[in-house]
Structure formats: structure tokens, C-alpha cells
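# Secondary and tertiary structure notes
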Amino acid sequence: MTDSSLPVPAQKLPAAPAYGAATLSEILPSAAHALGIPGYSNPLGLEPTKRVAVIMVDGLGWNQLKSHLGHAPFLRPLFERAQKLGTGFPSTTATSLSSLSIGLAPGQHGMLGYDVVDPARRRVVNQLGGWPGDLDPVAWQPLPTVFEKAAAHGIHAATVSIDQFSNSALTRAALRGPKFVAARQPAARARATAEVFAAQRNALVYTYFNELDKAGHKFGVDSPQWRDTLEELDYVIKNLVSRLPEQTTVLITGDHGMVDVPASQRIDYSLQPELIEAVELTSGEPRGVQLTFAAGTDAAQRAKVREAWQRAYGSKAWILSREEAVELGYFGPVRPEFLPRLGDLMILAAEAIAFYDGRRVKPMAFDMVGQHGSLTAAERFVPLFVHRTA
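The present account deals with the structure reproduced in this document. Predicted model, so just to flag it, every value in this text is computed and none were measured.

## What to know about the pairing of strand 14 (residues 345–349)
Burial within strand 14 is extensive, with five of its five residues counted as buried. Burial along strand 14 is two-sided: Leu345, Ile347 and Ala349 and Met346 and Leu348, pointing in opposite directions, are all buried. Pairing of strand 12 (residues 288–293) with strand 14 involves four bridges; the strand directions are antiparallel. Looking across to strand 14, one finds that Leu291 is bridged to Leu345. One ladder, built from five bridges, connects strand 13 (residues 317–321) with strand 14; its direction is antiparallel. Directly across from Leu320, in strand 14, lies its bridge partner Met346.

In C-alpha cells, the structure reads:
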């Protein structure tokens, strides 16, 4: 096959996230600096404070909110002053929440995606809910969180979230440190957050809402269900903020955006043998596939698989090696011990398409409408609202 017969490549590769300046990794270090905790810089320029409320709305992307401001009457007037932050890469919850909590780029904390490779055992680990019992979350991610440092400095650190996350592997790996306050419904989480601040003079409280993300995955961003959920959360957040003590710094953000993928573009790539030849492990996200070749696979075979992907989907995805992705700075500086957690070849969706290994995922995975994990603007940018209570 000649070069002229290859498909038109996907658009130019996006720039790397602005680590150190304008990503989720800068939120808690800036908050810690504002709280007077030594050792942190303040790239977001937050003013000194005694109380910080961090409100995380899972799935609240910049583009999606901008298109639906009519359904967010509380956030709408604040949007003009909102900062546009990058999620880091990949644009997925396990990575984003880790970057937020630890205050470092993904390549430094090692929580490098939804599914990642455990190189010591040559297996795939789902970092949201599929941790094997013999994998110690603290050993997997040993760096301290900002919450731990805040608590050690005398700041009351708390997480208000759903009870099922209180002792999850992800919490133990990357969100450890704060006192966990369980509350099931959004309104209950708002009340619990206000109660923590009422009882504590100096506090850093992280409140998590996952409802918008669930609606997006099931119904898509362009759906009445997503818009209804946004309206509900906007109302809950308004009430929460109104209950907070004076001079509380409120930071409202999201962990990723979303792209609606039509059913016809949810591809089972395992049905195309040339795309998985010599591939031992498949990991990553449907919009950010990572392929790990079997030990001993030579350069010619790797190039053959890459070319097969390029022929099949090169007009709809960015296809690059692990080395290229690292060199481009997508993960930030990567610690050497974390490199083997990444696949050898990456297929990153540039259009509304998603790739599944049908041998490994449940059939219901193909029903997912809203998806994320790649480098498109719709997935990788989130708002940061900075609000000071009167």
C-alpha cells in the first residue's frame, strides 16, 4: 500500500496540558497555599482564607456547560469569570481525581487511566472498581495527598461523598487523608458539607457529585436527562454555597467533559485480527485505547499493527507510540517506574468514535452514549469557578 492510499490523518495533535499553570493539578496546591500550609505554590492566585470548599461535579466539562448555561442559573452569572482548566491526560475520573488530590501531573502520581497495566503481574487493573485483592493501593500510589498534608498542619480535612467510596481502592490510593462523611443524595451531601464548616473554623472540604456523569454516560450530554440533572445540581450547589460561613473560598470544577458517541461508531476492534496481532494486553479507555505487545514482539510487527490501525481509523484517531505520547508531554514528566503501566501503542479518538475490546468488556459497555478519555477540547477542558462567600 502506498502512502497516497492511506486515509487522511486526524487533525493535528493537540498541545499537552498546561501542567503547573492551568490544570486540575493546581487547584489543591493553590488552596493549601491560601490556607497557609507551607510548601505549596499558588499558580491560581487564590486569596488567603481559613476555609476552602472544593465542589467536584463529575462530568462537568467546559464546552458542555457553556452550551447549557440556560439550565444552570446559579453558575451562569459566574461563568464569565470562570477559569478554563485542563484535566490532564487521559481525561478520565481516576486520573483527574488523583491529580486534584495529590496536586501533581499523572506521570508523577502514576494513576494513568481507567484501565492500566500492572507490569509486575502482566495484567490489567481497573482503577475505578476492579482492583485485585493482592494489589495494595498505598504501594501502588505512595505519594501523600494535599489532604494529608493539610490535616498534618492542623486544617480539618473532610470528604463528603457517597458511602460506597469511603474505603474504595481509589480512595485509599489517591484520595486518602480526609475524614469521610457519607451522604447518599445530592441534597444530603450539601447539608453534610455545610455542617462540617459550621463545626470547624479551619477546614478543607471536598464534596463529590457523580450524578451528571452518570446521566451523560447513559443518555448523552445532548439529552433531557443530562439537562435535568444539571438543573438539579445547580440548585443544590446554590443552596450549599448559601449555607457556608462568611469568607469561605468556594472552588467548583469538573473532572472531564464528554463526547456523545453514536451506536454505529462504538467499534469492537477485537473483531479485526490485524489490529490485535501480537497484542497481549488491552487497556486505557474506549476513547483512548492502549495496546501492550507480547514480550519479544519485534519492531517490524509493532509497525505492522500500527499501520493497520492507521489504515482502518487514521482519519478518526491519533495513533502514536508510548514514547511519542510521553515526549509530547501528555502525562507531564513520567517517573520511570510508571512507564510500564502505559501501553506500547495508543489510539486516541479525534472524532465521535469509541473502541472496545469485545473479548474483555461486558456487552452493556456498548450502550454507553457519553464518553471521554481522549484529547479533544470537549473532553479535556473543565471550568473552575472561584467564589468567596459574603
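From this point on, the discussion continues.
## Here we look at the packing of aromatic side chains
For the structure on display, the rule yields 12 aromatic pairs. Between Phe147 and Tyr206 the ring centres are 6.0 Å apart and the planes differ by 55°, which places this aromatic pair in the tilted class. On the criterion of sequence distance, the pair formed by Phe147 in helix 7 (residues 146–152) and Tyr206 in strand 7 (residues 203–209) is long-range, its members being 59 residues apart. Ring centres 5.0 Å apart and planes at 65° place the aromatic pair Tyr313 and Phe355 in the edge-to-face group. Note that Tyr313 is positioned in helix 12 (residues 299–313) and Phe355 in strand 15 (residues 354–356), a separation of 42 residues in sequence. Phe355 matches Tyr313 in its accessibility class, with the two residues each being buried. Above the ring of Phe381, the side-chain terminus of Lys84 is found at 4.9 Å from the ring centroid.

## Points about the nonpolar core
Of all hydrophobic cores here, the largest spans 40 residues; its most connected members are Ile55, Leu65, Leu75, Ile237, Ile252 and Phe385. The element contributing the most residues to this core is helix 11 (residues 224–243), with seven residues. Apart from residues lying up to four places away in sequence, Ile252 is in contact with Ile55, Phe74, Leu75, Ile237, Pro383, Leu384 and Phe385.

Criteria and cut-off values
Residues numbered from 1 in each chain as written. Predicted model: local features only at pLDDT ≥ 70, side-chain atom pairs only at ≥ 80, totals over all residues. Heavy atoms only, no water. Buried < 20%, exposed > 50% of the residue type's maximum accessible area, 1.4 Å probe, protein only. Helix = DSSP H or I, 4+ residues; strand = E, 2+ residues; numbered from the N terminus. Pairing = 2+ DSSP bridges. Phe/Tyr/Trp six-rings, centres within 6.5 Å; stacked < 30°, edge-to-face > 60°. Lys NZ or Arg CZ within 6 Å of the ring centre and 35° of its normal. Core = buried A, V, L, I, M, F, W, Y, C linked by side-chain atoms within 4.5 Å. Contact = heavy atoms within 4.5 Å.

Geometric descriptors of this kind do not, in isolation, establish any biological role.
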